[in-house]
Amino acid sequence: MAYKEFVTGIHRSTKRDYVQRVIEHDKAACAEVAKRFGEEYWDGDRKYGYGGYHYDGRWRPVAEALVQHYGIKPGHSILDIGCGKGFLLYELSQIVPDLKIAGVDVSAYAIEHAKPEVRPFLQVGVAEKLPFDDKSFDFAVSINVFHNLKVMELNAALAEMERVARLGKYIVVESFRNEREKVNLLYWQLTCRSFYGVDEWQWVMDRAGYSGDYGCIYFE
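Every value quoted in this text rests on a predicted model; they were computed, and no experiment measured them.

(A) Layout of the nonpolar core. In terms of nonpolar packing, the biggest core is built from 47 residues, with Trp59, Leu66, Ile72, Leu88 and Leu92 touching the most fellow members. Listing elements by their share of this core, those giving two or more residues are helix 3 (27–34), helix 4 (39–43), helix 5 (60–70), helix 6 (87–95), helix 7 (108–112), strand 4 (137–143), strand 5 (165–175) and helix 9 (179–188). In contact with Leu92, other than residues within four places in its own chain, are Ala63, Val67, Ile72, Ile78 and Leu99.

(B) Spotlight on the environment of His25. With respect to the element layout, His25 can be found in the loop between helix 2 (18–23) and helix 3. On the basis of relative accessible area, His25 is assigned to the partly exposed category, the value being 30%. Considered as a pair, His25 and Gly75 are 50 residues apart in the sequence and their alpha carbons are 48 Å apart. With residues up to four places along the chain from it excluded, the contact list for His25 reads Cys30 and Lys47.

(C) Region of the structure containing the packing of aromatic side chains. All told, the structure shown has 18 aromatic pairs when counted by the stated rule. Taking the centre distance of 5.4 Å and the plane angle of 70° together, the rings of Tyr41 and Tyr50 count as edge-to-face. We classify Tyr41 as buried; its relative accessible area is 11%. A connected cluster of aromatic rings, assembled from ring pairs, spans Phe37, Tyr41, Trp42, Tyr50, Tyr53, Tyr55, Phe87 and Tyr90. Directly above the aromatic system of Tyr55 lies the positively charged group of Lys115, at a separation of 4.6 Å from the ring centroid.

(D) Looking closely at the pairing of strand 2 (residues 100–105). Judged by how many residues are buried, strand 2 sits mostly within the fold: five of six residues are covered. As defined by bridge partners, strand 1 (residues 77–81) adjoins strand 2 across five bridges and the pair is classed as parallel. Opposite Ser77, over in strand 2, you have Lys100 as the bridge partner. As a crossover connection, the stretch from strand 1 through helix 6 into strand 2 is right-handed.

(E) Representation of the sheet that holds strand 5 in the model. Strand order across the open sheet formed by six strands is 3-2-1-4-5-6, with parallel pairing between neighbours. With partners counted over all chains shown, the strands left at the sheet margins are strand 3 (122–124) and strand 6 (213–218), one partner each. On average, each strand axis in the sheet is inclined to that of its neighbour by 15°, with strand direction left out of account. The pairing of strand 4 with strand 5 spans six bridges and is parallel. Counterpart to Phe139 in the pairing with strand 5 is Gly168.

Calculation rules
Residues numbered from 1 in each chain as written. Predicted model: local features only at pLDDT ≥ 70, side-chain atom pairs only at ≥ 80, totals over all residues. Heavy atoms only, no water. Core = buried A, V, L, I, M, F, W, Y, C linked by side-chain atoms within 4.5 Å. Buried < 20%, exposed > 50% of the residue type's maximum accessible area, 1.4 Å probe, protein only. Helix = DSSP H or I, 4+ residues; strand = E, 2+ residues; numbered from the N terminus. Contact = heavy atoms within 4.5 Å. Phe/Tyr/Trp six-rings, centres within 6.5 Å; stacked < 30°, edge-to-face > 60°. Lys NZ or Arg CZ within 6 Å of the ring centre and 35° of its normal. Pairing = 2+ DSSP bridges. Right-handed = clockwise from strand over helix to strand, strands pointing away. Axes fitted to C-alpha atoms, helices over the stretch in contact; angles between N-to-C directions.

Right under this line is the structure:
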């Protein structure tokens, strides 16, 4: 298991006022709405989530980095756990021809409003019970999903990712390296249920038998 950074550029491209997030609106009420992962979370007011999650090409550099690092080739099968509207899978399919792609997400709204080119390959599902056979994918990726799981769900979800992926695996979670980043994460998050430092995430992944790579998002 190795630490890899592929999404830091996307994260840092968004400006965040952490304190304002807490004082401007009823944070608890906003979190209740966000955790439904419906229209409000994806395309509603910013206080509930993304404030409009639309395709803009921002995932292209991430897809290119994944293809290069993991040697993704034509004919490979790729799974995105927590695929949202399928933007990363779309970029991967554009970079590498003849990929076999699949995605699962807890949000029916996201699947229904996914990019049309990849929508037929997406389905509603949960990370802790993937509807796929053992070792049915060459590469599995999950970005900004596992920290949304309860602690009792994490072990099962990590074991499931390990089960279905033959070769490469990559996870990105929200984390912190110091007290400032921890406070900023607490201020900003709406759906996070597992708050762990980097060493704690390593422990959780090791305990679950996860052998892939991982990266972290920090709220600096």
